[in-house]
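# A structural walkthrough
Listed below are the residues making up each chain.
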Amino acid sequence: MAVLLPLLGLLLASGGGQALVPPSELKQMSAAGSKYIDTEVENAINGVKQMKTLMDKTSKDHQAILHTLEETKRRKEEAVQLAREKEQELAARQDVCNETMLALWEECKPCLKQTCMRFYSRTCHSGSGLVGRQLEEFLNHSSPFSIWVNGERFDSLLERDQRQEQQLEDLEESFGLLEDGVDDIFQDSTQVSGRMYPFFRAPFGGFREAFRPPVQHVRLPPRSGRVARELHPFFQHPHQGFNRLFQPLFEMMQRMLEEPQGGWEHPLGGFPSESRNSSNERMVCREIRRNSAGCLRMRDECEKCREILSVDCWQTDPAQSQLREQLEDALRLAERFTRRYDTLLHAFQAEMLNTTSLLEQLNRQFGWVSRLANMTQGTDGFLQVTTVLSKAPNLEDPSAPPDTQVTVQLFDSEPLSLTVPGDISWDDPRFMEIVANQALQHYKQNVISE
C-alpha cells in the first residue's frame, strides 16, 4: 500500500490540477500531520481520564446519598410503626364513643361522597363512575375512626413510600448504566494509550494508577426493566453513536426532575380552584382514582364530618387524649422524614442531570478517541497524505495564489479531500497543521453523527 500511494498521487494529478509535492515528500508531510494528530490523541485520552475522575467522584457522592436515604427511610418506617401501634391502642379504647360517632358517621358519609365526586367531576376528565363505586365501597367498609385519627395519612405515606422506592430503583439502574458507559470509554482509551506508549511515558503515567481494585458500590437490585430497555442499546454498542450515548439518560433525568416533588401532599382540604395548577389537578385525580381514602381530606366540607372530629372522649378516658397526641406526633415525624426523602431524591436527580450533562460535553469533545481501540496504527502514523494538488486559479481574483487540494486518510476513514488557502505554501509548518486539524474535525463529526 505504501508503494501505491505515490503512484495514486501521480494518477490523480494527471486528471486535473498540478502536483505540487513530489512523491518523495509525501511521507514527510504524513509524519508532520501525524505528529499533530498524536498530540490531539494525547489530549483526548487525558480528557477521557477527566470523565473517569468525574464519574469516580460522583460515585463517592452517590454512596453518601444512598447511606442518607437508607437512614432516612429507616427512621420514617420507625415513625410509621409507632403511629400504627398508637392507632391500635386508640382504637381499642373507642367503645365509650361508638354510639355518638356512628350516628354522625351515617350522616357524614353521603355528604363526603357527594363533595368528593363533585370535586372529581369538575377537576378530572374521566372515570367518575368507577371512582364513585370505589368510594362508596370504601366508605361502607370504613368507620368514623378513620376520620378521627386522620387515617388517610397512613395511606398517603405508604403510597408515597412505594413511589419513592420506584424512583430510587430507576435512578440506581440509570446510574449503573452511566458508570458502565464511562468505564467502557475509559478502558478503550487506555488501550489506545497502551499501544501508542507501551511504557506509559508521561503524561500517561497516571493511567496506571487508575487500574486499581474496583471500589465496592452499594447498588439496589433492579426490579424494573424500563430504564434498561430505554438505554441499554446505546451502552452495548457505544461506538455506533457517540452523540446518543448520554443523551437518552440526560433527557430521562430532565423528565424526572420536572415531575412534581412531594406528591403525597395534596391540595384538597379547603381547595379554592384558582389556587390549583394543572400539575396539581392531575396529581389529585390520580390520587383519588388510586386511593378513595384521599376523599377523607374533604371532611371539613361536611358539618357532620367536622362534628366527628370534635367528639371529646377524654373526659371518660383521659388516656385517649395522650394516645391521640402521640399518634399525631408520630405521623408528623413520618411525614417529615418523607419530605426529607423527597428532598434527597430530588438532589440525587439534580446531581445525575448535572453529571450527565458534563459527561456528555466531555464525551463530545474527547470520546472519539475510544473509537481507535481496535485500530492498528500504520508505520507512518495516523495520517497519510496521498496527493497535494494546485487547484485552478480563482477567476474572480486571478492574481491570488490558487488554493491547494490535499487528499488524506486519517485513521480508518475513507480518503478525504481538503482545501488549504493558497497563501500558505505546502512547506510552511502551518500547512500540515491546517490539514490535520481539518481532517480530525471531519472525523469527529462523522463519529458523532453515526
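For the structure given in this document, a descriptive report is provided here. (Residues numbered from 1 in each chain as written. Predicted model: local features only at pLDDT ≥ 70, side-chain atom pairs only at ≥ 80, totals over all residues. Heavy atoms only, no water.)

### Things to note about the packing of helix H2 (residues 23-91) against helix H13 (residues 429-449)
In contact at an axis separation of 9 Å, H2 and H13 are set at 55 degrees when each is read in the N-to-C sense. Here H2 is positioned oblique relative to H13, judged by the angle of their axes. Where H2 crosses over H13, the two elements pack in a sense that is right-handed. For the pair H2 and H13, contact is made by Met-29, Ala-32, Gly-33, Tyr-36, Ile-37 and Glu-40 and by Phe-431, Met-432, Glu-433, Ala-436, Asn-437 and Leu-440, respectively. Looking at the contact of H2 with H13 residue by residue, the classes come out as eight nonpolar, two polar and two charged. (Axes fitted to C-alpha atoms, helices over the stretch in contact; angles between N-to-C directions. Helix = DSSP H or I, 4+ residues; strand = E, 2+ residues; numbered from the N terminus. Parallel < 35°, antiparallel > 145°, perpendicular 65-115°, else oblique. Left-handed = near helix turned anticlockwise from the far one by under 90°. Contact = heavy atoms within 4.5 Å. Nonpolar A, V, L, I, M, F, W, Y, C, P; charged D, E, K, R; others polar.)

### What to know about the state of the cysteines
Overall, the coordinates contain three disulfides when judged by the stated rule. Here Cys-108 is linked by a disulfide to Cys-305, with a sulfur-sulfur distance of 1.9 Å. Note on the Cys-108 and Cys-305 pair: the S-S dihedral is about 95 degrees, so by sign convention the disulfide is right-handed. Separated by 197 residues along the polypeptide, Cys-108 in helix H3 (residues 98-123) and Cys-305 in helix H11 (residues 303-310) bring together distant segments of the chain. As far as the burial class goes, Cys-108 and Cys-305 line up, both buried. There is a disulfide in this structure between Cys-111 and Cys-302, and the S-S distance comes to 2.1 Å. Residues Cys-111 and Cys-302 share a disulfide whose torsion about the S-S bond is about -90 degrees; that sign makes it left-handed. Of the two residues, Cys-111 sits in helix H3 while Cys-302 sits in the loop between helix H10 (278-290) and H11, which places them 191 residues apart along the sequence. Classification of Cys-302 by relative accessible area gives buried; the value is 1%. (Disulfide = S-S within 2.5 Å. Buried < 20%, exposed > 50% of the residue type's maximum accessible area, 1.4 Å probe, protein only.)

These figures come from the coordinates and say nothing about function on their own.
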